[in-house]
Amino acid sequence: MMVLITHSPRFAAWADRLLPLGVALFVLGLFAVMLLYPFGRDQAIYAVVAQTLTEGGAPYRDAWDFKTPAIFFVYAAAQSLLGEAEAMIRLFEILLWLTMGVGYWLITRRLMDGRAALLCFAVAIYCLVRAGYWHVGQPESFGAVALVWALVLALDRRADPPFLMLRAVAIAALYTFAALLKPPLGGGILVSYGVMLARIWPVAGLPGALRLTLGFTLGGLLVLGAFGAYFAATGSWGDFVDAVLIFAPQYTAISHTELGPLQALGKTLRLMASFWFLLPAGLICLALFCWRDWPVIGAALHIGGVAFVALCGVALQAKFFHYHYASAVGLLALPAGWGLWMLWQRVRGRPLALAGLGLALAVAMLKLPHDQTFWWKNAQRLRAEMGQDPAGIHNRIYSNQSFAYGDNLAAATWLRRNAPEDARLAVWGFEPILFYRSGLGLYHRYIYNIPMLAAWSKAEARAEFMAGFATAPPWAVVVQSNDTLAYVSGDPRTSREMLEQDFPALREELARGYESTATFGPLEIYTRIGGS
C-alpha cells in the first residue's frame, strides 16, 4: 500500500513515457471526430462566399453576408489548397490548430518543460471539438491561431532594434487579421502593446518605445491596407460598408435589451467556467503551484488579458453561442495546461493519486450533461461509420431547432439531379447549404433572406432581390417554413409566414411563373414553369 501512496521514480518514468502517447491518441481521436463534422449554417455561408471569391467575385457585392471579411479569405484558401469538400475545410482548420500547438510549445519552453505544451494542446482541442459541429470552422477558431502566434512574438523578451521592429509589425498584423475575423479579437493588441512598452522602456527608453509604436502602426496598416485595396480594386467597398458597418451593428443590437454590460460580462464568465470545466481547473492549479513563479504568472496574466478582451467581445454580442468563446478558450488553454502540468508533476509518481485523478477526470467527462451528449454522439457516429442507419443517425445528431440536416441534404440532392445546365437557385429562407451541396449558381447575392426580413433593410433588399425576376429569373426558388430566427432578423415569423403575410411581390411571382414541384420537410421547391 505504501508503494501506491509514496513517490516511485520508476512509476514516474513510465508515466512520463506514456503521457505523450496518451495525449497523441486522445487528440487524434478528437481530430477524427472533427473530420466527420458536416457544415452547419454558418460554415455553409463562409464556403459559398469563398466559392464566389475563388471564381472571381467579391464578398458582399456578389455573395452577401455581414461577417467581417477575413473568414471568407480563410475558407477560400482552404478550398484552393485542399478542395471544397466539407472534410477538407475541417482538415485545414486542424492543420492551423497544429501550428497553434507549435506556438504553445515555443511559449511554454521559455517558462518550463516544453512537454507541458502537450497538455495545453489536448485541453484546447478537447474544448474546441466537444462544442460540436456548429462551433468549429468559425472566425473565433481561426482567430485563436492568429492570437497565439501574436503572443509567441509578444512574449519574446528580446529588445534589439531590428528584431523589435519586425516583431512589432508581425504582432500588429496578426492582431489586425484577427480583428478582421471578429472585431473584438483585435482588442488584445492594447494588452500586448502595453506589456511590451513597459518591458522595453527601462531597457531602450524613448527610442525603443518609438520603434515599438511605429512597428505596431505599420503592421496594422499593412493588413488594413491590403483588405481596403482589394475592396477598392473590385469595386465592392460600398457593399462592404453597408454589410459590416451598417447592417451588422443593428444585428448585434438585437440582443441588448435584457442584459446590462456587467450582467452580460458576468454571464459570459459563468458560462465559460461551467462549460469548459478544464480551464478553471487548470487555472486554479496554476495559481496554487506557481504563484511565486513570476515569469510564469506574468506570461499567464498577459495571455489572460488578451483572452479577457475576447470575452468582453462575447459579452458585447450577448448571444453566448459556444463558438463565440473559441478564441478565449484557445488562449486560456495555455496557462490552464501549465497548471495541469504542475498537477501532473505531483501525481505522476504516485499510482494511487494518479488513478484518483484519472477517475475524477473520466467521471467529469462522462457525467457532465454536455459531455454525456458529446460522447453519446461520438458513439452514434461510430455506428453510422459502420453502416448502421447512417442517414437516420446523421439526421438526429446534426439537426437542431431550425436546421433539418436530412431535409437539407435531400433537397440539395433533388436540386442537383433535376436542374438543367447553368440553372440558378434562390432561397427564401436561411439555408445557404442548399447552394453548396446542390452546386447550383446563385440567382442573387443574397444567399439567405435575413436582409429581406430585418426591419432596417428589408425594403431596399427586397426591391433589389425582385429586380432580377424580370430579366434573369432563377430556375428554382426554395421556401423554408421552420426558420424562426428572431435573434438574427428581429422578427419572430418564419420565412413562409413572412412570404404569405408581408411579401406580395414574391408571392405573386411564384404564383404566376412557378409551380410547387417537391417538398422535403420544411423546404418547398418551386421550379419555373417551362423548366428554364
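As the structure is a computational prediction, the values presented were derived from the model and not from experiment. (Residues numbered from 1 in each chain as written. Predicted model: local features only at pLDDT ≥ 70, side-chain atom pairs only at ≥ 80, totals over all residues. Heavy atoms only, no water.)

> For the overall build of the protein chain, give the residues involved together with the corresponding values.
The number of helices and strands found in the protein chain is 23 helices and 5 strands. Computed over the C-alpha atoms, the radius of gyration of the protein chain is 25 Å, within 12% of the 24 Å expected from 2.2 N^0.38 for a compact globule of 532 residues. Out of the 532 residues belonging to the protein chain, those deemed buried represent 54%. The long-range fraction of contacts in the protein chain, counting pairs at least 24 apart against all pairs at least 6 apart in sequence, stands at 74%. Total accessible area computed for the protein chain in this model is approximately 22100 Å², and 66% of it derives from carbon and sulfur atoms. Looking at the protein chain, you have 40 positive and 34 negative side-chain charges, and the mean spots of the two groups are 13 Å apart. (Helix = DSSP H or I, 4+ residues; strand = E, 2+ residues; numbered from the N terminus. Rg over C-alpha atoms; globule rule 2.2 N^0.38 Å. Buried < 20%, exposed > 50% of the residue type's maximum accessible area, 1.4 Å probe, protein only. Contact = heavy atoms within 4.5 Å. Areas by Shrake-Rupley, 256 points an atom, 1.4 Å probe, with all protein chains shown as cover. Lys, Arg positive; Asp, Glu negative; His and termini not counted. Charge placed at Lys NZ, Arg CZ, Asp CG, Glu CD.)

> Please set out the pattern of salt bridges residue by residue, giving values where relevant.
Two side chains carrying opposite charge are able to pair once their charged atoms lie near each other. Tallied over the entire structure, the rule returns 14 salt bridges. The closest approach of N and O atoms between Asp 113 and Arg 115, which form a salt bridge, is 2.7 Å. Among the residues examined, Asp 113 registers a relative accessible area of 32% and is labelled partly exposed. In this structure, Asp 502 and Arg 462 form a salt bridge, with 3.4 Å as the shortest nitrogen-oxygen distance. On the criterion of sequence distance, the pair formed by Asp 502 in helix H22 (residues 495-502) and Arg 462 in helix H20 (residues 458-467) is long-range, its members being 40 residues apart. Of the residues examined, Arg 462 reaches a relative accessible area of 9% and is grouped as buried. Within this structure, Asp 239, Arg 445 and Glu 464 form a network of salt bridges that share partners. (Salt bridge = Lys/Arg side-chain N within 4 Å of Asp/Glu carboxyl O.)

> Requested: an account of the pairing of strand S4 (residues 514-520), with residues and values cited.
Two strands pair when backbone bridges link them, and S4 and strand S5 (residues 523-528) are joined in this way by 6 bridges, in the antiparallel orientation. If you follow Glu 515 over to S5, its bridge partner there is Thr 527. Counting the residues that bridge the hairpin from S4 to S5 gives 2 residues, and of these Gly 521 lies at a positive phi of roughly 60 degrees. (Pairing = 2+ DSSP bridges.)

> Could you give an account of the sheet that holds strand S3 (residues 476-480), naming the residues involved and the relevant values?
Strand order in the open sheet formed by 5 strands is S2-S1-S3-S5-S4, and the pairing between neighbours is mixed. In the strand order of this sheet, the two ends are held by strand S2 (441-442) and S4, each with one partner. Here S3 runs beside S5; their pairing, made up of 5 bridges, is antiparallel. By the bridge assignment for S5, Val 477 is matched with Tyr 526.

> Describe the nonpolar core, listing the residues and the values that go with them.
Counting 105 residues, the largest nonpolar core has Tyr 37, Tyr 104, Leu 279 and Trp 338 as its most contacted members. Among the elements that take part in this core, helix H14 (residues 326-347) stands out by supplying 14 residues, more than any other. Beyond its immediate sequence surroundings of up to four residues, Leu 279 is in contact with Val 123, Cys 127, Val 329, Leu 332, Ala 333 and Ala 336. (Core = buried A, V, L, I, M, F, W, Y, C linked by side-chain atoms within 4.5 Å.)

> Now, about the environment of Leu 36: what can you tell me, with residues and values included?
Mapping Leu 36 onto the fold places it in helix H2 (residues 9-36). Sequence separation between Leu 36 and Ala 144 is 108 residues; the distance between their C-alpha atoms is 22 Å. Once residues within four sequence positions are removed from consideration, Leu 36 is found in contact with Arg 381, Glu 385 and Tyr 398.

> Can you tell me about a nonpolar patch on the surface, naming the residues and giving the values?
A grouping of Trp 14, Leu 18, Leu 21 and Leu 25 is seen on the molecular surface, where their side chains present a nonpolar patch of about 450 Å² in accessible area. Position of Leu 21 relative to the elements: it lies in helix H2. (Patch = residues over 30% accessible without salt bridge, like charges linked within 9 Å, V, L, I, M, F, W, Y side chains within 5 Å.)

> Outline the packing of helix H16 (residues 369-385) against helix H17 (residues 390-397), listing residues and values.
Where H16 meets H17, the axes come as close as 9 Å, and the angle between the chain directions of the two elements is 155 degrees. The orientation of H16 relative to H17 falls into the category roughly antiparallel. Two packed elements cross with a definite hand, and for H16 against H17 that hand is left-handed. Along the contact surface, H16 presents Trp 376, Lys 377, Gln 380, Arg 381, Arg 383 and Ala 384, while H17 presents Pro 390, Ile 393, His 394, Arg 396 and Ile 397. (Axes fitted to C-alpha atoms, helices over the stretch in contact; angles between N-to-C directions. Parallel < 35°, antiparallel > 145°, perpendicular 65-115°, else oblique. Left-handed = near helix turned anticlockwise from the far one by under 90°.)

> I'd love a proper account of the pairing of strand S1 (residues 424-428), names of residues and values included.
Most of S1 is tucked away, with 4 of its 5 residues classed as buried. Sheet analysis places S1 next to S2, joined by 2 bridges and oriented parallel. If you follow Leu 425 over to S2, its bridge partner there is Leu 442. Taken together, S1, helix H19 (residues 433-438) and S2 constitute a β-α-β crossover, and its handedness is right-handed. When S1 meets S3, the two strands line up parallel, connected through 4 bridges. (Right-handed = clockwise from strand over helix to strand, strands pointing away.)

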